[in-house]
Amino acid sequence: AGGGLLLPDSVLYEIFLYLDHVDVLSVGLVCQQWRAVARDEFLWKELFYRYYRISREVPRHPAAVSWYDEFQRLYDTIPCVEVQALKEHNDQVLHLSFSHSGSLFASCSKDCTVKIWSNELDISLQHSSNMRPYNWSYTQFSQFNSDDSLLLVSGVFVGPHNSSSGEIAVISMENFTLLSRVRNKPYDVFGCWLNETNLISGNLHRIGRITSCSVLWLNNAFQGIESENVNVVKRLFKIQNLNASTIRTVMVADCSRYDSPDLLLDYEEQLAASSTSSCPVFDLGSDSEEEEAKPKQTPEPAVQELPDEGGVTAEDGLQQFFDDIMEGCVRPAMTETELETKVAELFVRNRTKPPELNLLSTDSNSKTKYLIFTTGCLTYSPHQIGIKRILPHQMTTAGPVLGEERRSDEFFDSLDHVIDIHGHIIGMGLSPDHRYLYVNSRAWPQDCVISDPMQPPPIAEEIDLHVFDLKTMKEVKRALRAHRAYTPNEECFFIFLDVSRDFVASGAEDRHGYIWDRHYNICLAKLQHDNVVNSVAFSPVEQELLLTASDDSTIKVWRSPRVLRIQQARKPRPRKLLFSWLMNQKS
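By the naming in an unreviewed UniProt entry, the protein chain is FBXW5 protein, taken from Podargus strigoides.

In structure tokens:
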């Protein structure tokens, strides 16, 4: 009666309450009144707001034709039905990634293998690579390059518990051969593709007990071509770390689609987009030439700027600081940690290459990419998102091995933006159009003060899923909630999320995966496992297919009710099969 729409009993009950004096014994009357209900847009709107408990200020999805269609979409197209469980891994499954074509996906596991799967109606294992011969402890992350010809696999080296060394391997999808290996430190930099043949890795150099330097390298995937005339590696950026922080979880965002995203999350911007086709181009550059070395702790995302020092040079400031110490003028007395941080801040003040300004224009926007990563300034747990622009001439290993030409006193690169999360970041993911950045975090207490960088604040069990617009660098919508995590700061691990055109999904430590609607900001489904869900992945060509990976050593495949009905309708009926068999026997 409802055109194939399957509604839960609670919604059907509300519909029949709406029908005055329905004679359930009269099928004709019920069908006649149902046809009236099916065309009653006001009824479906009221039911939608009441059932999902959405504010009436939230407009209908911009692509929806009617509220009835929205009910059908949210009930019928959510990948919440388990159709297959893959159990080929024999240890915790940590990460999943699809190829861009959607025909393949890769899985990484504590069993130290990376497995390549063929995404057909019944998913099957195509290849498995064991990385233990290369002294790996386990595989943790993978990513296909843009034409799906290469697979980047990130792993952790065998070593003591506090070891942070890892490696990145590149595997050919043509014959599954190992093409190259690149060192990666710390291992939770993970690594990522910048373009079809170049990938980004990290290295870490200790300067003091809580001060270090992160170097991000651009590597050619085909290391075998090395010669005197061809560089296979080039330094991209060198960034100072304070208070035991490091750069981790690098990813690249392509700016080319910021003015034509799949889905605008700002409701006012949706209305404006419907009346005009052009949007102003956002310039990432700030007005100041340098960033503040130690930004103020704040829960609101903000660009950190260097305060005006009244013309005092870093050398003069450092000398004055040492003189004050010798004369006993520094009050209250500084700890060794505070002293190291202060000296590092003063040292780097005039030794950092300033950000280049006004680089984003209409002509260059399509060629610009952002390097996005987690970092910090107060403690070792990642609590900030750093953003650095990558310009077209930096996207190749050609040129000087140590990066761009710079003055001899420019030791470090500055960041273009810093977003403070005020909590421990445990996951990040980009929308398919790269316009929005989704961030899993566990919040710190609201008024906490960090006095020792080696003792971060306690973190909440609730996971907040923040959404940032990379065109405006502002947080949009309220944080999504439903999922939880329980491990303390020192044991906290990454929980991967994924974003499709209309949905966002995440793992959790409460033995469930979760799906939310991006437009309405509502949780739509919980997907059960027997242990922690570490990773989720939507098919890039079919958002009604979702994979979840868990510590229970299982990958589960989820499809929507709509897709299942279509697949079942395509299956031949037994009578037709029997008729065909009889005809074959007769012939």
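**Q** Which residues make up the overall build of the protein chain, and what values do they have?
**A** Helix and strand counts for the protein chain come out as nine helices and 30 strands. Expressed as a percentage of its 587 residues, the buried residues of the protein chain come to 53%. For the protein chain, contacts bridging at least 24 residues in sequence account for 60% of all contacts bridging at least 6. For the protein chain, the computed accessible surface area is about 27,600 Å², with 50% contributed by carbon and sulfur atoms.

**Q** Summarise the pattern of salt bridges; cite the residues concerned and give the values.
**A** Evaluated as defined, the whole model comprises 18 salt bridges. Close ionic contact of Arg73 with Asp517 constitutes a salt bridge, the shortest N to O distance being 3.0 Å. A residue pair is termed long-range when its members are at least 10 positions apart, and Arg73 in helix 4 (residues 67–76) and Asp517 in strand 26 (residues 512–517) qualify at 444 residues. By relative accessible area, which is 13% here, Arg73 ends up buried. A relative accessible area of 0% means that Asp517 is categorised as buried. What you see here is one network of salt bridges that share partners, running through Glu70, Arg73 and Asp517.

**Q** So what's going on with the UniProt feature "repeat: WD" (unreviewed entry) in the protein chain? Residues and values would help.
**A** Annotation from UniProt places "repeat: WD" (unreviewed entry) at residues 86–118 and 526–558. Spanning residues 86–118, this segment combines 0% helix with 58% strand, and its end C-alpha atoms are found 12 Å apart. Taken end to end, residues 526–558 comprises 0% helix and 70% strand; its first and last C-alpha atoms sit 11 Å apart.

**Q** Now, about the pairing of strand 20 (residues 423–430): what can you tell me, with residues and values included?
**A** With eight of its eight residues buried, strand 20 lies for the most part within the structure. As judged from the seven bridges shared by strand 20 and strand 21 (residues 436–443), these two strands associate in the antiparallel manner. Paired with His424 across the two strands is Arg442, which belongs to strand 21. Where strand 20 folds back on strand 21, the antiparallel hairpin that results is connected by five residues, among which His434 adopts a positive phi of roughly 65 degrees.

**Q** Report on the sheet that holds strand 7 (residues 150–157), specifying residues and quantitative values.
**A** Sheet architecture is open: four strands sit in the order 6-7-8-9, paired in antiparallel fashion. Two strands lie at the open edges of the sheet, namely strand 6 (136–144) and strand 9 (178–184), each paired on one side alone. Here the strands of the sheet are splayed against their neighbours by 25 degrees on average, with no regard to which way each runs. The pairing of strand 6 with strand 7 spans seven bridges and is antiparallel. Within the sheet, the bridge partner assigned to Phe144 lies in strand 7 and is Leu151.

**Q** Residue-level account of unusual backbone geometry, with values.
**A** Note: most peptide bonds trans; most residues except glycine with negative phi. Looking along the chain, the bond that leaves Lys185 and enters Pro186 is cis, with omega of -5 degrees. Phi is positive for His434, close to 65 degrees, though the residue is something other than glycine. Here His434 lies in the loop between strand 20 and strand 21.

**Q** Please provide a residue-by-residue account of the packing of aromatic side chains, values included.
**A** For the coordinates displayed, the defined rule picks out 22 aromatic pairs. Ring pairs connect the aromatic residues Trp44, Phe48, Tyr49, Tyr51, Tyr52, Trp67, Tyr68, Phe71, Tyr75 and Tyr520, which therefore count as one cluster. The side chain of Lys238 reaches across the aromatic face of Phe412, ending 5.9 Å from its centre.

**Q** Please set out the packing of helix 3 (residues 41–52) against helix 4 residue by residue, giving values where relevant.
**A** Contact geometry of helix 3 with helix 4 gives a least axis separation of 8 Å together with a crossing angle of 40 degrees. One element, helix 3, and the other, helix 4, form an angle in the oblique class. Judged by residue contacts, Glu41, Trp44, Lys45, Leu47, Phe48, Tyr49, Tyr51 and Tyr52 of helix 3 engage Trp67, Tyr68, Glu70, Phe71, Leu74 and Tyr75 from helix 4. For the contact of helix 3 with helix 4, a count of residues per class yields 11 nonpolar, no polar and three charged.

**Q** Quick one: what's the story with the confidence of the model for the protein chain, residue by residue and with numbers?
**A** Mean pLDDT over the protein chain stands at 81; residues scoring 70 or higher make up 72%. Across residues 276–312, confidence stays below pLDDT 50; counting only partners more than four residues off in sequence or on other chains, it has 91 contacts. Here residues 358–364 is modelled with pLDDT under 50, and outside its nearest four sequence neighbours on either side it reaches 12 contacts, counting other chains as well.

**Q** Can you explain helix 3? Please cite residues and give values.
**A** For helix 3, which comprises 12 residues, the first-to-last C-alpha distance of 17 Å matches the rise-based estimate of 16 Å (1.5 Å per residue) to within 8%. What helix 3 keeps buried is the set Leu43, Trp44, Leu47, Phe48, Tyr49 and Tyr52. Once helix 3 ends, the next one or two residues include Arg53, with phi positive near 55 degrees.

**Q** Provide a residue-level description of the environment of Pro62, including the pertinent values.
**A** Relative to the helices and strands, Pro62 is located in the loop between helix 3 and helix 4. As for Pro62 and Gln270, which are separated by 208 residues in sequence, their C-alpha atoms are 7.4 Å apart. If we ignore the near neighbours within four places in the chain, the residues touching Pro62 are Leu263, Gln270 and His519.

**Q** How would you explain the sheet that holds strand 27 (residues 522–528) if you had to name every residue and give the values?
**A** Where strands meet in a sheet, backbone hydrogen bonds hold them as pairs that are either parallel or antiparallel. Overall, antiparallel pairing links the four strands, which are arranged 24-25-26-27 in an open sheet. Two strands close off the open sheet at either side, each with one partner strand: strand 24 (497–499) and strand 27. For this sheet, the mean angle separating the axes of adjacent strands, direction not counted, is 15 degrees. Pairing of strand 26 with strand 27, which is carried by six bridges, proceeds in the antiparallel orientation. Looking across to strand 27, one finds that Ile515 is bridged to Ala525.

Each value, and the rule that gives it
Residues numbered from 1 in each chain as written. Predicted model: local features only at pLDDT ≥ 70, side-chain atom pairs only at ≥ 80, totals over all residues. Heavy atoms only, no water. Helix = DSSP H or I, 4+ residues; strand = E, 2+ residues; numbered from the N terminus. Buried < 20%, exposed > 50% of the residue type's maximum accessible area, 1.4 Å probe, protein only. Contact = heavy atoms within 4.5 Å. Areas by Shrake-Rupley, 256 points an atom, 1.4 Å probe, with all protein chains shown as cover. Salt bridge = Lys/Arg side-chain N within 4 Å of Asp/Glu carboxyl O. UniProt positions renumbered as here; feature names shortened; annotations may be inferred. Pairing = 2+ DSSP bridges. Axes fitted to C-alpha atoms, helices over the stretch in contact; angles between N-to-C directions. Phe/Tyr/Trp six-rings, centres within 6.5 Å; stacked < 30°, edge-to-face > 60°. Lys NZ or Arg CZ within 6 Å of the ring centre and 35° of its normal. Parallel < 35°, antiparallel > 145°, perpendicular 65-115°, else oblique. Nonpolar A, V, L, I, M, F, W, Y, C, P; charged D, E, K, R; others polar. pLDDT = per-residue confidence, 0-100. Expected span 1.5 Å × (residues − 1).

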